[in-house]
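So you can see what is in the structure, the chains are spelled out below.
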Amino acid sequence: MSDGYQIVVCGGIVPDPLQTLEPVHGPAGWGLKNELMLPAILDPWSGHALYEAANLAKAAAGSKVWLVSMGPKAKLQQVMMTVAQKAAFELIALDAPAGGFTEAGDVAAALAEAIEAIPGLDKSRLLLFGGWQSASRGAGATMQIVGEKLGVVDQFQGVDKLTIEDGGVLRVLERVEGGSYQESTVSGPPALFGWATGELPEPPNNPQVGMANMRLVMPALQKAKPVQLAQPAFGSVQLPCQKRETRIVKDTPVEAIAREIVDWINA
Amino acid sequence: METLRTLPGDDVRQIMWRFADRYDLQMVVQTARSLARSLVARLVAEGARKTHEWTEHKAQLLSAFDDAGLTSLFMDPHQGGFIEGPKNLALALVAFELSWVDAGAATGSLATNLALAPIHEKGTPEQRDYYMSRCVPPAPGEDRAILRGAFALTEPLPYIGVDTNTMTGKVRVLEWEEGKEPVLHVDKRGRFITGMDFANFVTAAVDTNDPRIKSSCMVILEETDEGLFDRGAPTLKMVHQLSSTRDPVLSLKVPASRIIGGYTVKDGVIVPNYTHSEIIAAVFHRTRVPVALMTTAKLLSAVEPVIRYHRQRFRGGTACEPESAKFQLGLQQKPDAVLRLTDVWATAEAGASLGFETARLFDRLDPTEKAKDKIFAEQGVVGAKSQMSALRKLEKQAIEYLALEALPPDQRDAGRMAELEADTLVQYALLESTANILCPACKLWNTGYGATVMRETVALMGGYGITEDCPGFLFNKWTDAQLEATYEGPEAVQRRHLSVTMTNEVFHARLRNWIAQYEALGAAHPETGASASAASMKLWLWTLEFLLRAKDPEGARLYHSRRQGVTFPLADALCWIMATRSQIADVLELAAKGPENPVVAEGLDGLVAFFSDLAMVQAARSAGEAARICASLVYGFGPQAAEDLAAFETLRAACDRASSGAALAKDRCGAALCQVMIPEALDYPL
Ligand SMILES: Cc1cc2nc3c(=O)[nH]c(=O)nc-3n(C[C@H](O)[C@H](O)[C@H](O)COP(=O)(O)OP(=O)(O)OC[C@H]3O[C@@H](n4cnc5c(N)ncnc54)[C@H](O)[C@@H]3O)c2cc1C
């Protein structure tokens, strides 16, 4: 790619995973108890996508990364204080509820519209990144619909690795059943990648990157477009039926942990 | 009635501590926090605090600080930093975030800054740029190691401690060739010197030992200088073990250009531009503020683990049914548990408000002070003594300004006010007189009283509190607080400082304005405790004025520097009052600005109600404490004149009366703590 890629990462925000999440029905429909007041983080799956995007952009000269994020504006701003220090990107913010009570199709339509509106967008250089799941609801459908709406039909989900080969061919490792990978190649952009965890650690905060990003992040937040999302009717809402028992143990050898898991499965 | 729904988040704190419009600071907070709750917490959990020695394990902290930008936080952009302008609030926020987990890590992050502080405050521009730009991580493509520093004032017994004049560190002229720069010999032994394991340079306080050097000074010593650079024995300290402390022995040959702030030669004598005392005063004035906030952070950090422990105390096993109140609320069913935690939280809020207000004040003071120095230099006003007398002459105008400020806007002489506002020297006198109170007050009260309250948090965790398994490392935090109350000037030093500065007339004029302002606030917002705050300020000021004129039966003056039994308790009383004043101001700021932020607006009524109640609790506590102290001084050296006692009693009664409803406020806080939503688990490991 002589001119580099245009990498657009779609990433929402979710409540910090340590918080107590309790669905409640309010005047505006379903939401989480005190959701606005709980600290939020960048959806971890999109986080992986963002770090992979930044890494890829560094490897392909001339590339640029955008982060398209939809969520309550004030919450997005808080999350940016961390995220903007981790990778260089330009933010496109959409002001809308974040929670898991929206339709993937509606969210995808708003994201696709925002991406179409990026000045100078060149689809022949476009790589669409996002999470293959979301920590808020995990419909697993949003990115696929965004891709379809933008006419990006080469799609890969559960991606853990993306390498550029000679001639700009992209080699992709996708997670499939049973802990295996499916390896594919695609001749080049446009293509969509729904990331699993990828291979990169979370970059440390870098204030220089942060200060540079903020020059664009703050205006982007100020002009964030409000998006109305109709909430579908829910028959009922409940947390996934799992019992969360937090136990804190110290100095436990790996074998003992494995043993305990096996015993638990067998029980 | 609306009350606290969740623990206050960043949006709330940014408003209260006034950095909602500073994204640079908000980013720094996130950086320090993530480092604290990952690497720092892991080191503590892995037992890194169990050694006195500096280890490879602990040294990971330094590279983590470098990588995350905390090392360069102190510098200006042209020196490799990233924040333009004063950085007192930035440094305070970082110390706060790191100490939330472990204050030793905070001390470690600040050590090089402390070493640089003499250079930063009083160094020559060349010294400043040379050392500041070498203490930041190399830029891409640059090949150099990062310099780290240590600040050496304290000396082995029987020399420098609280008293900084009994100095054994000495400097003399070793060689001085005609027309060349003199070469000095410096001897300095340090005690308890932070960062000494890896310091590449030391800023050392030394006295003159040579008629050819006029006064004491501070000098920069480098590890590569000719002579002895012995790092000495490690301090066997039982707190802050994530920082390095040793007793170095230094005997080195250095060029005279290492004298901090430079020197002139007059009649064949080297005259340092600054004595060690002048430099130290400027340094500690600033660096004490982050220390104050270290203890405060610990108190606030204890709230969540204590609530969790209390709530979950009887869960699991067969102790009770899941639907029962005992299961749901655990120890929170017992009023004392939540009321005591309310006291902890109220103390912490007051400390945070006072500490951050002081940090912000220094951010305003820094540029004003530089401008003042420039004007004085142009006017030829040099040396501490002549500056002091020049400033004293300005006090009248500063008081005039405050008198104008006290008037309703339409009655002020706007022209005169603008004139005084534009006068750098007057503005300096105004800011400095307040800084001279708030800085020692936060260092003294946040750490000293904070350590006492930290013990309460340990007690609230029962036996668990004094084990290594206690979530939030509360035992460590309690003992660490004792160091914060000690280094950079123990409590006695702060009390001594206040004994002098709290008699300043400009401060009194300011205090009178605050009294009027808080009386009005008390009428408009009685729920904040502003009336109690105003009444205690009034009582305190009356007591001070009384003590300044009163005598004991022997005819000796009561208010005297040698009479620490009078001056020191009165200094303590002022600290309580100042902390409460700041706290109420922050609650009002939240109430005013909260609606502008949709996230904060969501639960604002409950937040403001809760924080007002906390402020009321603290205001009543402060008023009570101040009144008790004032009474002990007014009556204790008696008998005194009946009319004085009557005047005092009226003011004291008003103080007590202003606390009306405080216990109800406390009950409401207790109830709030029983229902506030907290996270499922603590975000840093055991
Ligand atoms: C872990 C640690 C790190 C440190 N880091 C540094 C560093 O980096 N650089 C540095 O220079 N120093 C450092 N110090 C030293 C610290 O600043 C001193 O310990 C402190 O200033 C007190 O001095 P001292 O211990 O000699 O106490 P002393 O002077 O012996 O005082 C002991 C007590 O006596 C009473 N007292 C003393 N004088 C008076 C008075 N005038 N009026 C009333 N009461 C009085 C007070 O109660 C006081 O607390 C560090 C100390 C520790 C423990």
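Residues numbered from 1 in each chain as written. Chains lettered and ligands numbered in written order. Predicted model: local features only at pLDDT ≥ 70, side-chain atom pairs only at ≥ 80, totals over all residues. Heavy atoms only, no water.

**Student:** Looking at this structure, I do not really get the overall build of chain B. What am I missing?
**Tutor:** Broken down by element type, chain B carries 21 helices and 10 strands. Here the C-alpha atoms of chain B give a radius of gyration of 26 Å, agreeing with the 26 Å that 2.2 N^0.38 yields for 686 residues. Taking the principal axes of the C-alpha coordinates as reference, chain B spans close to 85 × 65 × 50 Å. Expressed as a percentage of its 686 residues, the buried residues of chain B come to 59%. Long-range pairs, those at least 24 residues apart, make up 74% of the contacts in chain B with a sequence separation of at least 6. For chain B, the accessible area works out to roughly 26000 Å², and carbon and sulfur atoms hold 54% of it. Counting 72 positive and 86 negative side-chain charges, chain B places the averaged centre of each group 4 Å from the other. (Helix = DSSP H or I, 4+ residues; strand = E, 2+ residues; numbered from the N terminus. Rg over C-alpha atoms; globule rule 2.2 N^0.38 Å. Buried < 20%, exposed > 50% of the residue type's maximum accessible area, 1.4 Å probe, protein only. Contact = heavy atoms within 4.5 Å. Areas by Shrake-Rupley, 256 points an atom, 1.4 Å probe, with all protein chains shown as cover. Lys, Arg positive; Asp, Glu negative; His and termini not counted. Charge placed at Lys NZ, Arg CZ, Asp CG, Glu CD.)

**Student:** What exactly am I supposed to notice about the pattern of salt bridges here?
**Tutor:** Opposite charge on two side chains permits pairing when their charged atoms draw close. All names here are of chain B. Here the structure, examined in full by the defined rule, presents 58 salt bridges over all chains. Ionic pairing is found between D336 and R340, a salt bridge with its closest N-O pair at 2.9 Å. Of the two residues, D336 and R340 are both situated in helix α9 (residues 335–379); the distance of four residues between them amounts to about one turn of the helix. Residue class for R340 comes out partly exposed when judged on its relative accessible area of 34%. Look at the salt bridges and you will find they share partners, linking D10, R33, R37, E97 and D683 into a network. (Salt bridge = Lys/Arg side-chain N within 4 Å of Asp/Glu carboxyl O.)

**Student:** Explain the site of the ligand here, please?
**Tutor:** Residues and elements named next belong to chain B. Around the ligand lies a shell of 21 residues, among which F151, T154, V162, R191 and F192 are the nearest. In the model, a nitrogen atom of the ligand is placed 2.8 Å from a nitrogen or oxygen of the F151 main chain. A distance of 2.7 Å is found between a nitrogen atom of the ligand and a backbone nitrogen or oxygen belonging to F192. Burial of the ligand by the protein chains amounts to 69% of its free accessible area of 970 Å². Put simply, the parts of the chain that give the shell around the ligand at least two residues each are β1 (149–152), β4 (193–194), α14 (491–501) and α17 (564–593). Grouping the amino acids of the shell around the ligand by side-chain chemistry returns 11 nonpolar, six polar and four charged. Taken together, domain 2 (149–274) and domain 3 (284–675) each give at least three residues to the shell around the ligand, which thus spans both. (Near = heavy atom within 4 Å. Polar contact = N/O pair within 3.5 Å; in protein donor to acceptor, adjacent residues only side chain to side chain. Nonpolar A, V, L, I, M, F, W, Y, C, P; charged D, E, K, R; others polar. Domains from an automatic or database assignment.)

**Student:** Please explain the side chain of B:K237 as it appears in this structure.
**Tutor:** All names here are of chain B. Within the element layout of this structure, K237 appears in the loop between β7 (226–234) and β8 (245–255). Buried and without a salt bridge, K237 has D197 as its closest oppositely charged side chain, separated by 6.9 Å. Here the side chain of K237 touches S243 through a polar contact of 2.9 Å, landing on its backbone oxygen. Side chain to side chain, K237 and T245 meet in a polar contact 2.7 Å long. When near neighbours in sequence (up to four residues on either side) are disregarded, K237 contacts H52, S243, S244 and T245.

**Student:** What exactly am I supposed to notice about helix α2 (residues 73–83) of chain A here?
**Tutor:** Every α-helix carries 3.6 residues per turn, so stepping three or four residues along brings you back to the same face. A large share of α2(A) lies buried, amounting to eight of its 11 residues. All of the buried residues along α2(A) are A:A74, A:K75, A:L76, A:Q78, A:V79, A:M80, A:M81 and A:V83.

**Student:** Teacher, can you tell me more about the environment of B:L420 here?
**Tutor:** As for its placement among the helices and strands, B:L420 is situated in helix α11 (residues 414–422). Filtering out sequence-adjacent residues up to four positions away, B:L420 remains in contact with B:Q397, B:E400, B:Y401, B:L404, B:V426 and B:Q427.

**Student:** Is there a simple way to explain the packing of aromatic side chains in this structure?
**Tutor:** For any pair of aromatic rings, the description consists of the separation of the ring centres together with the inter-plane angle of the planes. Using the criterion set out here, one finds 26 aromatic pairs over all chains in the structure. Taking 5.9 Å as the distance between ring centres and 65° as the angle between the ring planes, the aromatic pair formed by B:F610 and B:F611 counts as edge-to-face. This pair shows no difference in class: B:F610 is buried, exactly as B:F611 is. One aromatic cluster is present, built from ring pairs that chain together A:F129, A:F156, A:F193 and A:W195. In this arrangement the basic side chain of B:R581 is found over the ring face of B:W514, its NZ or CZ atom lying 3.8 Å from the centre. (Phe/Tyr/Trp six-rings, centres within 6.5 Å; stacked < 30°, edge-to-face > 60°. Lys NZ or Arg CZ within 6 Å of the ring centre and 35° of its normal.)

**Student:** Help me out: how do you make sense of the domain arrangement of chain B in this one?
**Tutor:** Accessible area lost upon the coming together of the parts serves often as the stated size of an interface. Residue and element names in this part refer to chain B. Looking at chain B, the domain boundaries give domain 1 (10–134), domain 2 (149–274) and domain 3 (284–675). Counting residues at the interface gives five residues for domain 2 and 10 residues for domain 3. Summing both sides of the interface, domain 2 and domain 3 together bury roughly 660 Å²; the carbon and sulfur share of this comes to 70%. Three residues, V162, V239 and H240, lead the burial of domain 2 against domain 3; their summed loss comes to 77% of the area buried on that side. Joining domain 2 to domain 3, the criterion identifies two residue pairs in polar contact (both at pLDDT 80 or more). In the side of domain 2 that touches domain 3, the residues fall into four nonpolar, one polar and no charged. (Buried area = accessible area lost by both parts, 1.4 Å probe.)

**Student:** What's the story with the interface of chain A and chain B in this structure? I'm lost.
**Tutor:** If you look at the interface, chain A gives 26 residues, while chain B gives 35 residues. Around 2900 Å² of area is buried between chain A and chain B when both sides are counted, 62% of it from carbon and sulfur atoms. If you look at where chain A meets chain B, you find zero salt bridges. Counting every contact that joins chain A to chain B gives nine residue pairs in polar contact (both at pLDDT 80 or more). Looking at the side of chain A that touches chain B, the elements with two or more residues in it are α2 and α5 (207–222) of chain A. Considered class by class, the residues forming the side of chain A that touches chain B number 11 nonpolar, 11 polar and four charged.

**Student:** What should I look at first to understand α17(B) in this one?
**Tutor:** Spanning 30 residues, α17(B) covers 43 Å between terminal C-alpha atoms, matching the ideal 44 Å at 1.5 Å per step. With 22 of 30 residues buried, α17(B) is to be regarded as a mostly interior element. (Expected span 1.5 Å × (residues − 1).)

**Student:** Please clarify how the confidence of the model for chain B should be interpreted in this entry.
**Tutor:** Any region with low pLDDT has predicted coordinates that should not be read closely. Residues with a pLDDT of 70 or more make up 100% of chain B, whose mean pLDDT is 96. For this predicted complex, the interface confidence comes out at an ipTM of 0.89, alongside a pTM of 0.95. (pLDDT = per-residue confidence, 0-100.)

**Student:** Got a minute to help me understand the packing of helix α10 (residues 384–406) of chain B against helix α12 (residues 424–460) of chain B in this structure?
**Tutor:** Two quantities define a packed helix pair, namely the angle between the axes and the distance from one axis to the other. Residues and elements named next belong to chain B. At their nearest, the axes of α10 and α12 sit 8 Å apart, and the two run at 80° to each other. Here α10 lies roughly perpendicular to α12, going by the angle between them. Along its contact with α10, which presents L391, L394, Q397, A398, Y401 and L402, the element α12 presents L425, V426, Q427, Y428, A429 and L430. Of the residues belonging to the contact of α10 with α12, the class tally is 10 nonpolar, two polar and no charged. (Axes fitted to C-alpha atoms, helices over the stretch in contact; angles between N-to-C directions. Parallel < 35°, antiparallel > 145°, perpendicular 65-115°, else oblique.)

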